[in-house]
Amino acid sequence: MNHNLNRRSFLSFAAASAAVVSLAACGGNGAAGSNAAQAAYAAPAKDLSAELNYAIWDAAQKPAMQKIVAEFNKQYPNIKVTIDVTPSKGSAYWTKIQTQASSNTLPDVFWMNGPHIKLYAQNNQLMPLDGLASGKAVDKASYPKALVDLYTVNGTFYGVPKDFDTSALFYNKALFKDAGVAEPTSSWTWDDVKSAGAKLSKFYQGKGIYGYAGDLTGGQTSYYNTMLEAGGTIISADGKKSGYDSPGSIAGLQFWRDLIESGVSPSMQQLTDTSSSDMFTSKKLAMTMDGSWTVGPAHTALGADLGIVSLPKGPNSNQSVIHGLANVIPANAKNPAAAQAFVAFLGSQDAARIQAETGTVIPAFNGTQDAWVKSVPSVDLGVFLDLAKDASPYPVSANTAAWNELENSLLPQAFAGTKPVADVAKDLASQMNSALAKES
Amino acid sequence: MKAPVLTAGTETSRDHATKAPLPSAARRKGKSKSDGFWPWLFVVPTVVGIGVFYLWPMVQTFYYSFTKWGVFGGAKFIGLDNYTRMLADSSIPQSILNTLIYTAIVLLGIPAAVILASLIERPGMRFASLYRTLYFIPYVTMPAAVGIVWRLIYNGDFGPINWFLSLFGIHGPYWTSTPGFALLAVATVGLWMSLGFNLLIISAGLREIPRELFEAAEMDGASRIRQFFSITVPLLTPSIFFVTIVTVISGFQLFDLLYVMMGKANLAMPQTQSLVYIFYNQAFLQNDKGYAAAIGILILAIIALLTAFQFRIQKRWVNYV
Amino acid sequence: MSESTLAATARAESVPVGELAPNPSSARAHMPDAKSRSGKQGSNTVAHIVLGIGGLVMVSPLLYQIVMSLSTNTEVQSTPPTLWPSVIQWHNFADVFGSMNFGSQLWVTVAITVLRVIGQVLLCSMAGYAFARMRFRFKGPLLALVLSIIMVPSQLFLIPQYQIIQNLGWLNSIAGIVAPGIFSAFGLFLMRQFFMGLPDELEDAARLDGANPFQVFFRVMLPLAANGLWALVVITVLWSWNDLLWPLVVTSTANAAPLSVGLSNLQGEHSNNYPILMAASLMAMAPILIMFLLMQKRVMAGIGRSGLK
């Protein structure tokens, strides 16, 4: 659930944000360089008294966050933390955060995602957290490098990584068994998925059950992955040029059009009406590509029938995109000492363990992910961690929102077959390039 | 308590109309053009409130439409750039067309309301109050709640509409995600929500038509259909004019239903979205508030033009007797 | 839209006043030949069929919602659609209390609605009265400015209004939700139209007795505008109860938010748990529906007459 909402928030209004790959270069000197100037953080006195608002967007994670606050209060009994949930559905969370930022009333601590970090950091809305690192309250080496890089803008560290997510292939064992089709393995290729999907769709014809689908109303758990797997890119490493017109990208988009055209996947219209995740949990879909955050709901719905394997290999690879959230503090924090103490605790191993045990998300703190893997013993959740190793960073630029809007308005026509995939991809690439050219 | 108030209002207002010239009017004309400071005591709280919370924001919006407005504040003057960009943006004329089609469909509710009201208000009609209630209920429901219900009703796979069509061997479309059908689906909900309001206004207008007119017509042997077209409709034109204005204004403010009923990356969105939806999208999703402000000014200009146009042509068809 | 149709028609046809009573039953009672009409009732059968089918279609989404709120999620998504659940799931309604702060949000909704209604009734009727029946400088231009506001989509005001409320220090409070909404250009216009249609005699009599304009307004004119006030109350209650975007932005904790926000949050959390969503939205609409059914004659008279001017 969490990242589903989270991901929609990218697609709906992703703002300018760090091009992760390009940041890999400057991420390394983040701690040492210009930021040594910031005073090292020293933990405040244990009797510090303060009230903090903590804004999050996923109600499913509220219990875990409350447990973390309770643990935090064992150290700082006088810091009262109020958790405020605003769903990102319909963009409520970011509409609110943006309005609050315009009026300097941001919550004391709040969740940040990749597409928004650069927008908020570059507009001086966030407090640099290099002091937390130099004061040893947070060790950047404890988190996956890609996430630390994502939240380091122009060499300054702004967000302490909270969790991460990747995509894998989910399937319904019962539907495979009834149709007499062999279950997927982690060594499957695109062709294997296509032929098994065709058999399944044919077997269940007239029952409204389909072989394979992904959520095409956004790229993270569908076409972003296949574009990479076919050797394409979504955006160039420097975030200045669209990758949509490359042959690999077109092949990655064509994959989904082929599935729809051959009846393996429900139509674009149908997937807008009922999301692929909902179809999978209501047993109308035998296989789906979906994110690690849907393991919980999928397991609740299917129980022992749920199977998960690695992504099928495309012409080039079986890459997934990776993304993760971070906790941030506004630049004009009312109580910086208390907010930093809380963010430091949110980034701690103890907080990560609490997140892992509740099983909702993969915690970012290295070494605590095993507890998450064990949260659903009947499936091998380790595939998500394996996929994270070679994963590609979630594609962003300085003004991600502009071209995400182009994706949303142009690509459905390609998937629905109203226009040829290659034409739409080239059109999208040229429109995206002119949008990127406007970024400064 | 209710009846006396109604009667008093009715009776006196009629007196007002018949007894002219009125003494008070004479008195006012004779005196100065102002009632001194008293009016200001009455209007200042409201005028200040509206000025602060509504007019000032409008002035700001107008100013920002000439700027590149930073996401978190700070505006840079860029002249007419936002407006020239708007001219080149093909989604703008498309969304105006969408809005016109939406409004046209919702306007169909007005003739429907006239016919239904004339049936309900027939003398001796039983259950009139029950019917009025049934038709008015959609108007009092919550749009956010009703949006979910309609999404289910329109669902292509398990929605009752397509199930009903399948009984006749018709394979229904995915209503909210197929271009063309989506606008029809949204407008149907708009019509459904506004019908009860239109019906009440027109019923009230109908009840003010003197029954003698109908009786005289009946004695002359005019059929009910003839009476409907030569008495009911002409005498209802003021009420019809009022609901037309309200429908057109709210049509151009269409947002909530789209927000609740249509998903992201909807194939049908370009053929369905309204100007206000584009405004919201630019201001809050794409953070381009300067451009959004220019779209806001365009919306305002269109509504003002249409309303002025309607008032202008009302003389040709609205019959105040 | 200058004169009351009512008055105009009455003048034209010089009908006895009693027959103009807006209540259809009283109109019928006063009709000299009501009997000859009711003798024709046989011809109303077609009307009843049309109205009955139409009425059923109108309320069917609500009936559908009630059935769904008592079903399981599987039943909601089954084909053919479930006409009645096999086992009635009353617990869906109980579950709502566990999923949202229904009690406190209902309280906020009631509070903001009452405050907005009081504010609008008082302020709009006073200003409407002055615009309708008093003379002062800049009256015309001021009215034109106020009227232009009616046409502006409310989304345009969002950010500037937020900044004002923030400067006042009213964020996340009932005062903050209520403040912009106690002023209404539409309400002012509505009340002006009502006051324009009222007679001068009583007002003049009160003046001659030495009453000041406040006394004239509160003792004489306001009671005469009862129907207009009812229209304003109904429209304000409906708008305030359903208002979503503004309270969503201006509140930051679930306890300070009204039901509309709670409901939209619930949609975000349980996007495909239809029975809970249906039950919650029924519960959120119920108070307003019940109030409407109890006071429907007032509501109908008020709304109906709002369009006469």
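All values reported here derive from a predicted model rather than from experimental measurement.

> It is not clear to me how the overall build of chain A should be interpreted in this structure. Could you clarify?
The helix and strand inventory of chain A stands at 20 helices and 15 strands. In chain A, which comprises 440 residues, the proportion classed as buried is 64%. Nonlocal contacts in chain A, meaning residues at least 24 apart in sequence, comprise 78% of its contacts between residues at least 6 apart. Put simply, chain A shows about 14,500 Å² of open surface, and 51% of that area lies on carbon and sulfur atoms.

> Just to check I follow, could you spell out the packing of helix H11 (residues 247-261) of chain A against helix H20 (residues 421-438) of chain A for this structure?
Between two packed helices, both the angle of their axes relative to each other and the distance between the axes serve to describe the pair. Residues and elements named next belong to chain A. Running from N to C, H11 and H20 point in directions that differ by 135°, and their axes come no closer than 10 Å. Between H11 and H20, the angle is such that the two are oblique. Both H11 and H20 take part in a crossing whose hand is right-handed. Across the interface between the two elements, Ile250, Leu253, Gln254 and Arg257 of H11 pack against Val421, Ala422, Ala425 and Lys426 of H20. When the residues that make up the contact of H11 with H20 are grouped by side-chain class, the tally is five nonpolar, one polar and two charged.

> How should empty space enclosed by the protein be read in this particular structure?
Rolled over the atoms, a probe sized like a water molecule indicates the empty space that remains. Taken as a whole and assessed by the stated rule, the structure comprises 13 cavities of 30 Å³ or more. In this structure, the second largest cavity encloses a volume near 140 Å³. Looking at the lining of the second largest cavity, the elements with two or more residues in it are helix H3 (38-64), helix H14 (275-285) and helix H15 (289-317) of chain B together with helix H9 (158-167) of chain C. Broken down by class, the residue content of the lining of the second largest cavity amounts to eleven nonpolar, three polar and one charged.

> In this structure, what is going on with helix H4 (residues 92-102) of chain A? I would like to understand it.
For an α-helix the count is 3.6 residues per turn, leaving residues at separations of three or four pointing the same way. All names here are of chain A. Across the eleven residues that make up H4, a large majority, eleven, are buried. Taken together, the buried positions of H4 are Ala92, Tyr93, Trp94, Thr95, Lys96, Ile97, Gln98, Thr99, Gln100, Ala101 and Ser102. Looking at the residues trailing H4, positive phi occurs at Asn104, about 55°.

> Hey, could you run me through the environment of Ala422 of chain A in this one?
All names here are of chain A. Tracing the backbone through its elements, the reader meets Ala422 in helix H20. Accessibility expressed as a relative area gives 27% for Ala422, which makes it partly exposed. Here the alpha-carbon distance between Ala422 and Ala251, two residues 171 residues apart in the chain, equals 8.6 Å.

> For this particular structure, what's the right way to read the packing of H4 of chain A against H14 of chain B?
One way to put it is that H4 of chain A packs onto H14 of chain B with a least axis distance of 10 Å and a crossing angle of 60°. With respect to H14 of chain B, the element H4 of chain A is oriented oblique. Each of Thr95, Gln98 and Thr99 of chain A in H4 of chain A lies in contact with H14 of chain B, whose residues at this interface are Tyr280, Ala283 and Phe284 of chain B. Broken down by class, the residue content of the contact of H4 of chain A with H14 of chain B amounts to three nonpolar, three polar and no charged.

> Hey, could you run me through the nonpolar core in this one?
Buried together is how nonpolar side chains tend to be arranged in soluble globular proteins. Counting 187 residues, the largest nonpolar core has Ile50, Val189 and Ile295 of chain B together with Phe195 and Ile303 of chain C as its most contacted members. Ranked by the residues each element gives to this core, the list is headed by helix H10 (residues 181-207) of chain B, at 15 residues. For Ile295 of chain B, the residues in contact, after removing those within four places along its chain, are Met86, Ile92, Leu275, Ile278, Phe279 and Gln282 of chain B.

> Honestly, a nonpolar patch on the surface in this entry has me stumped. Any pointers?
Residues Trp40, Val44, Val48 and Val52 of chain B together with Phe138 of chain C make up a contiguous nonpolar surface patch of roughly 420 Å² in combined accessible area. Along the chain, Val48 of chain B falls in helix H3. Here Val48 of chain B falls in the partly exposed class, since its relative accessible area comes to 48%.

> Is there a simple way to think about the interface of chain C and chain A in this case?
Think of interface size as the accessible area that goes away when the parts come together; that is how it is often given. Across the contact, 17 residues belong to chain C and 20 residues belong to chain A. Carbon and sulfur atoms make up 56% of the area that chain C and chain A hide from each other, which totals about 1,600 Å². On the surface where chain C and chain A come into contact, there are zero salt bridges. At five residues, the largest contribution of residues to the side of chain C that touches chain A is made by helix H16 (residues 259-269) of chain C. Residue composition of the side of chain C that touches chain A, grouped by class: four nonpolar, twelve polar and one charged.

> Even after reading the chapter, I still don't get the sheet that holds strand E8 (residues 167-172) of chain A, so can you show me in this structure?
The pairing of strands in a sheet happens through backbone hydrogen bonds and is either parallel or antiparallel. Residues and elements named next belong to chain A. Across the sheet, four strands lie side by side as E9-E10-E8-E11; this open sheet has mixed pairing. Sheet topology places strand E9 (210-214) and strand E11 (306-309) at the edges, where each strand pairs with a single neighbour. Neighbouring strand axes in the sheet, compared pairwise and without regard to direction, differ in orientation by 25° on average. In this structure, E8 lies alongside E11, joined through four bridges in antiparallel fashion. Within E11, the residue paired with Phe170 across the bridge is Ile308. Relative to E9, H11 is tilted by about 150°, and along the sheet it contacts E9 and strand E10 (285-291).

> Help me out: how do you make sense of the sheet that holds strand E13 (residues 326-328) of chain A in this one?
Residues and elements named next belong to chain A. Taking strand neighbours across the sheet as the criterion, the five strands line up as E2-E1-E3-E13-E6 in an open arrangement whose pairing is mixed. The open sheet has two free edges, formed respectively by strand E2 (79-85) and strand E6 (160-161), since each of these has just one partner strand. As paired elements, strand E3 (residues 109-112) and E13 share three bridges and run antiparallel to each other. Across the sheet, Phe110 pairs through a bridge with Val328, a residue of E13. On the sheet, H4 packs against strand E1 (50-56), E2 and E3 and is oriented at approximately 130° with respect to E3. Each of E1, E2, E3, E6 and E13 touches helix H15 (residues 336-346); the most contacted strand, E1, lies at about 50° to it.

> Please explain the pattern of salt bridges as it appears in this structure.
Pairing between side chains of opposite charge can happen when the charged atoms of each approach one another. Residue and element names in this part refer to chain B. In the structure shown here, the tally under the stated rule is 15 salt bridges over all chains. Between Glu121 and Arg132 there is a salt bridge, with the nearest N and O atoms lying 3.1 Å from each other. Linking Glu121 in the loop between helix H6 (109-120) and helix H7 (128-140) with Arg132 in helix H7, this pair joins segments that are eleven residues apart in sequence. Overall, Glu121 belongs to the buried group, its relative accessible area being 5%.

> Looking at this structure, I do not really get unusual backbone geometry. What am I missing?
As a rule of thumb, non-glycine residues mostly have phi less than zero, and peptide bonds are mostly trans rather than cis. The phi dihedral of Lys283 of chain A is positive, around 60°, even though this residue is not glycine. When you line up the elements, Lys283 of chain A lands in the loop between helix H13 (276-281) and E10. At Phe127 of chain B, a position not held by glycine, the phi torsion is positive, near 60°. Among the secondary structure elements, Phe127 of chain B is positioned in the loop between H6 and H7.

> Can you help me understand the side chain of Gln270 of chain A in this one?
Take Gln270 of chain A: it is sitting in helix H12 (residues 268-273). You can call Gln270 of chain A buried: its relative accessible area is 4%. Of the polar contacts made by the side chain of Gln270 of chain A, one reaches the side chain of Tyr174 of chain B; its length is 3.0 Å. Setting aside its immediate chain neighbours within four residues, Gln270 of chain A contacts Tyr210 and Met279 of chain A together with Asp157 and Tyr174 of chain B.

> Sorry, what's going on with the confidence of the model for chain C here?
Fine structural detail should not be taken from predicted coordinates in areas where pLDDT scores are low. On average, residues of chain C score 79 in pLDDT, and 83% of them are at 70 or above. No element of chain C has a lower mean pLDDT than helix H1 (residues 5-13) of chain C, which averages 32, and none a higher one than helix H7 (residues 102-133) of chain C, which averages 93.

Conventions used here
Residues numbered from 1 in each chain as written. Chains lettered and ligands numbered in written order. Predicted model: local features only at pLDDT ≥ 70, side-chain atom pairs only at ≥ 80, totals over all residues. Heavy atoms only, no water. Helix = DSSP H or I, 4+ residues; strand = E, 2+ residues; numbered from the N terminus. Buried < 20%, exposed > 50% of the residue type's maximum accessible area, 1.4 Å probe, protein only. Contact = heavy atoms within 4.5 Å. Areas by Shrake-Rupley, 256 points an atom, 1.4 Å probe, with all protein chains shown as cover. Axes fitted to C-alpha atoms, helices over the stretch in contact; angles between N-to-C directions. Parallel < 35°, antiparallel > 145°, perpendicular 65-115°, else oblique. Left-handed = near helix turned anticlockwise from the far one by under 90°. Nonpolar A, V, L, I, M, F, W, Y, C, P; charged D, E, K, R; others polar. 1 Å grid on protein atoms, 1.4 Å probe; cavity = no way out; pocket = protein on both sides within 12 Å on 5 of 7 lines; lining within 4 Å. Points joined across faces, edges and corners; volume = space filled by probe spheres on them. Core = buried A, V, L, I, M, F, W, Y, C linked by side-chain atoms within 4.5 Å. Patch = residues over 30% accessible without salt bridge, like charges linked within 9 Å, V, L, I, M, F, W, Y side chains within 5 Å. Salt bridge = Lys/Arg side-chain N within 4 Å of Asp/Glu carboxyl O. Buried area = accessible area lost by both parts, 1.4 Å probe. Pairing = 2+ DSSP bridges. Polar contact = N/O pair within 3.5 Å; in protein donor to acceptor, adjacent residues only side chain to side chain. pLDDT = per-residue confidence, 0-100.

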